Amino acid sequence: MIELEGVPELIDPVMVAAFEGWNDAGDAASTAVAHLEREWKGEVFAALDAEDYYDFQVNRPTVFMDGGVRKITWPTTRLSVVRVGGEKPRDLVLVRGIEPSMRWRSFCNELLGFAHELGVELVVVLGALLGDTPHTRPVPVSGVTSDPDLALRMDLEETKYEGPTGIVGVLQEACTHAGVPAVSLWAAVPHYVSQPPNPKATLALLNRLEDLLDLRIPQGELPEDARAWQVGVDQLAAEDSEVAEYVQTLEEARDTAELPEASGEAIAREFERYLRRRDVSPPGGHATADGGDASYLRDSPGGKARPPRPPRPGASGAAEGSSEGSADGPAGGSAEGSSEGGDEDTSED
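For every chain, the first residue of the written sequence is number 1, and numbering continues from 1 along that sequence. Under the rules for a predicted model, residues below a pLDDT of 70 receive no local features and side-chain atom pairs below 80 are neither given nor counted, while totals for whole chains, interfaces and linings still include all residues. To get the side-chain values, take all heavy atoms of the structure and skip hydrogens and water.

**Let's talk about the overall build of the protein**
Tallying secondary structure elements over the protein gives 10 helices and 11 strands in all. Throughout this description, buried means an accessible area under 20% of the type-specific maximum (1.4 Å probe, protein chains only), exposed means over 50%, and partly exposed covers the range between. Going through the 349 residues of the protein one by one, you find that 50% of them count as buried. When contacts within the protein are restricted to residue pairs at least 6 apart in sequence, those whose partners lie at least 24 apart make up 84%. Surface exposure of the protein reaches about 16200 Å², of which carbon and sulfur atoms provide 49%. Secondary structure elements are taken from DSSP: a helix is a run of H or I of four residues or more, a strand is a run of E of two residues or more, and numbering for both begins at the N terminus. Note on contacts: a residue pair is in contact if any heavy atoms of the two residues lie within 4.5 Å. Residue exposure ignores everything except the shown protein chains as possible cover, and the areas themselves are Shrake-Rupley values with a 1.4 Å probe.

Now the structure itself:
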């Protein structure tokens, strides 16, 4: 661990982590943590030694000019802290990096060592996978945990997944063995338009995190970006009859599967979420941030660029590949990141 500054004294801290790569379809998860850093001006206080965990032929360093001086940025994982203000302020420890190339157990142990030192009470890991979900519907977001008590208390699913996993699954299990409560939130990204960015999926993850932690997250330009993204994909799908027909098939399957959920209780719960997210004066006050400028963190993908043309149904040329976006299981299966039995965010539409 390379410490950049002294470890701060934190209030009721929660660790929120996301990693680029296999568990980050559409860059939705890593962009969500970058959004928190940007909106709350996160202060980086530590970084893992890149030499210990990364293959630089896989994740290459980048060169940039700083005032005429040539510098190199090494791929790594950094920790920053933000304070959420209000009547009961609390801190979020934000972990953002790249899925390591090697020594995953040591990587997780190092993160958990810092979590223990900082008094972290809960670890939330964000992920995104490719799924058979239409872009025209709300993004499914599942909350899973390995802790039966936590599943009951926070209305989560106990993970039953078996198969290949990524750093999200490994870190969650490391937390379980260390006695640290841990939750994984997974967003399903349409596999036919997997190219990043996907602001709609990012917004869905942040809304689910907001519900989980009972705090208000400033959304910034994400709602507008999400609408622009969907309009762009709508236009591209309309230009290809095969894609349009495939999307319609996904819509029908999704709507049929959701009919039992259209209960009065589900509608009331969603309406409460809607009001809470749009309340200009929520209980506890606005979320605020302490700390100085963090312009060096503002490197997340953004804007309203028109998405690339989606591949034809059944094509294997997705940006991340057939395995990349599948995270901890097949795109349409009941993996750790699947939407089966999970909560679903509907605030984007």
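Still to come is the rest of the account.
**With respect to the packing of aromatic side chains**
Side-chain rings of Phe, Tyr and Trp, where Trp is taken by its six-membered ring, are said to pair if the distance between their centres is within 6.5 Å; with planes under 30 degrees apart they count as stacked, over 60 as edge-to-face, and otherwise as tilted. By the definition in use, this model includes 5 aromatic pairs. Summarising the aromatic geometry, the rings of Y53 and F107 are spaced 5.3 Å apart at their centres and angled 85 degrees between planes, so their arrangement reads as edge-to-face. Taken together, the residues span a long stretch of sequence, with Y53 in helix α2 (residues 50–53) and F107 in helix α3 (residues 104–118) at a distance of 54 residues. With respect to class, Y53 is no different from F107; both count as buried. Ring-pair connections join several aromatic residues into one group, and the members of that group are F19, Y53 and F107.

**Quick notes on a nonpolar patch on the surface**
A cluster of nonpolar side chains, contributed by V63, I72 and W74, occupies part of the molecular surface with about 280 Å² of accessible area. Looking at the element boundaries, V63 is found in strand β4 (residues 62–66). Patches here: salt-bridge-free residues with over 30% relative accessible area, like charges joined within 9 Å, nonpolar side chains (Val, Leu, Ile, Met, Phe, Trp, Tyr) joined within 5 Å. Here, a salt bridge means any Lys or Arg side-chain nitrogen found within 4 Å of an Asp or Glu carboxyl oxygen.

**A closer look at empty space enclosed by the protein**
Note on definitions: the grid is 1 Å and covers protein atoms alone; a cavity is a set of points where a 1.4 Å probe fits but cannot get out; a pocket is an open set with protein on both sides within 12 Å along at least five of seven lines; lining residues have an atom within 4 Å of a point. Grid points are joined across faces, edges and corners, and a volume is the space filled by probe spheres set on the points. Under the definition given, this model contains 2 cavities of 30 Å³ or more. Every residue lining the largest cavity is counted, 14 residues in all, and those nearest its centre are V139, A188, P190, K200 and W229. The element best represented in the lining of the largest cavity is strand β11 (residues 182–190), accounting for 3 residues.

**Observations concerning the packing of α3 against helix α5 (residues 167–177)**
In contact at an axis separation of 10 Å, α3 and α5 are set at 55 degrees when each is read in the N-to-C sense. With respect to each other, α3 and α5 are oriented oblique. For the crossing formed where α3 meets α5, the hand is right-handed. In contact with W104, F107, C108, L111 and L112 of α3, α5 contributes I167, V170, L171, A174 and C175. Just so you know the grouping, Ala, Val, Leu, Ile, Met, Phe, Trp, Tyr, Cys and Pro go in nonpolar, Asp, Glu, Lys and Arg go in charged, and all remaining residues, Gly too, go in polar. The residue inventory of the contact of α3 with α5, partitioned by class, reads 10 nonpolar, no polar and no charged. Lines fitted to C-alpha atoms define the axes here, with helix axes fitted over just the stretch in contact, and angles between the N-to-C directions of these axes take values from 0 to 180 degrees. Should an angle fall under 35 degrees it is taken as roughly parallel, and over 145 as roughly antiparallel, whereas 65 to 115 is taken as roughly perpendicular and any remaining angle as oblique. Put simply, a crossing is left-handed when the front helix is turned counterclockwise from the back one by less than a right angle, and right-handed when it is turned clockwise.

**Quick notes on α3**
Expected span of a helix: the number of residues minus one, times 1.5 Å. Here α3 spans 21 Å end to end across 15 residues, near enough to the 21 Å set by a 1.5 Å rise per residue. Downstream of α3 by one or two residues, G119 has phi in the positive range, about 75 degrees.

**Comments concerning the pairing of strand β6 (residues 78–84)**
The side chains of a regular strand alternate between both faces of the sheet. Of all 7 residues in β6, 5 are buried, a share of seventy percent or more. Strand pairing is defined by DSSP finding a minimum of two bridges between the two strands. As paired elements, β6 and strand β7 (residues 90–98) share 7 bridges and run antiparallel to each other. Looking across to β7, one finds that R78 is bridged to R96. Hairpin remark: β6 followed by β7, antiparallel, with 5 residues in the connecting loop; positive phi at G86, about 125 degrees.

**Some details on the packing of helix α1 (residues 28–39) against helix α6 (residues 199–213)**
In a packed pair of helices, the relevant descriptors are the angle between the two axes and the axis-to-axis distance. In the contact formed by α1 and α6, the axes pass within 8 Å of each other and the chain directions differ by 60 degrees. Judged on the interaxial angle alone, α6 and α1 are oblique. Seen along the crossing, α1 lies across α6 with a hand that is right-handed. Two secondary-structure elements touch here, α1 through A28, A29, T31, A32, H35 and L36 and α6 through A201, T202, L205, L206 and L209. Looking at the contact of α1 with α6, its residues break down into 8 nonpolar, 3 polar and no charged.

**Quick look at the pattern of salt bridges**
For the coordinates displayed, the defined rule picks out 6 salt bridges. Across the pair R137 and D255 runs a salt bridge whose closest N-O atoms are separated by 2.8 Å. Of the two residues, R137 sits in the loop between β8 (122–131) and β9 (141–145) while D255 sits in helix α8 (residues 241–258), which places them 118 residues apart along the sequence. Overall, the relative accessible area of 22% leaves R137 in the partly exposed class. Beyond isolated ion pairs, a larger network of salt bridges with shared partners links R137, E251 and D255.

**Regarding a negative patch on the surface**
For the charge count, each Lys or Arg is scored as positive and each Asp or Glu as negative, with His and the chain ends excluded. Lysine's charge is taken at NZ, arginine's at CZ, aspartate's at CG and glutamate's at CD. On the surface, a cluster of negative charge is contributed by D149, D155, E157 and E158. Considering the arrangement of structural elements, one finds E157 in strand β10 (residues 157–158).

**What about α6?**
With 15 residues, α6 should reach 21 Å at 1.5 Å per residue; the first-to-last C-alpha distance of 21 Å fits that figure. Here α6 lies mainly inside the structure; 15 of its 15 residues are buried. One or two steps after α6, the chain reaches D214, where phi turns positive at roughly 55 degrees.

**Topic: the nonpolar core**
Core analysis: the biggest nonpolar cluster contains 40 residues, and L92, V124, L126 and L213 have the highest contact counts within it. In this structure V124 touches V14, M15, V16, A17, V183, L185, L209, L212 and L213, once residues within four positions along its chain are discounted. Note on terminology: a nonpolar core comprises buried Ala, Val, Leu, Ile, Met, Phe, Trp, Tyr and Cys residues joined through side-chain atoms within 4.5 Å. I98, A115, V120 and V168 belong to the second-largest nonpolar core, a separate cluster that totals 37 residues.

Fair warning: the whole summary comes from geometry, so function is off the table for now.
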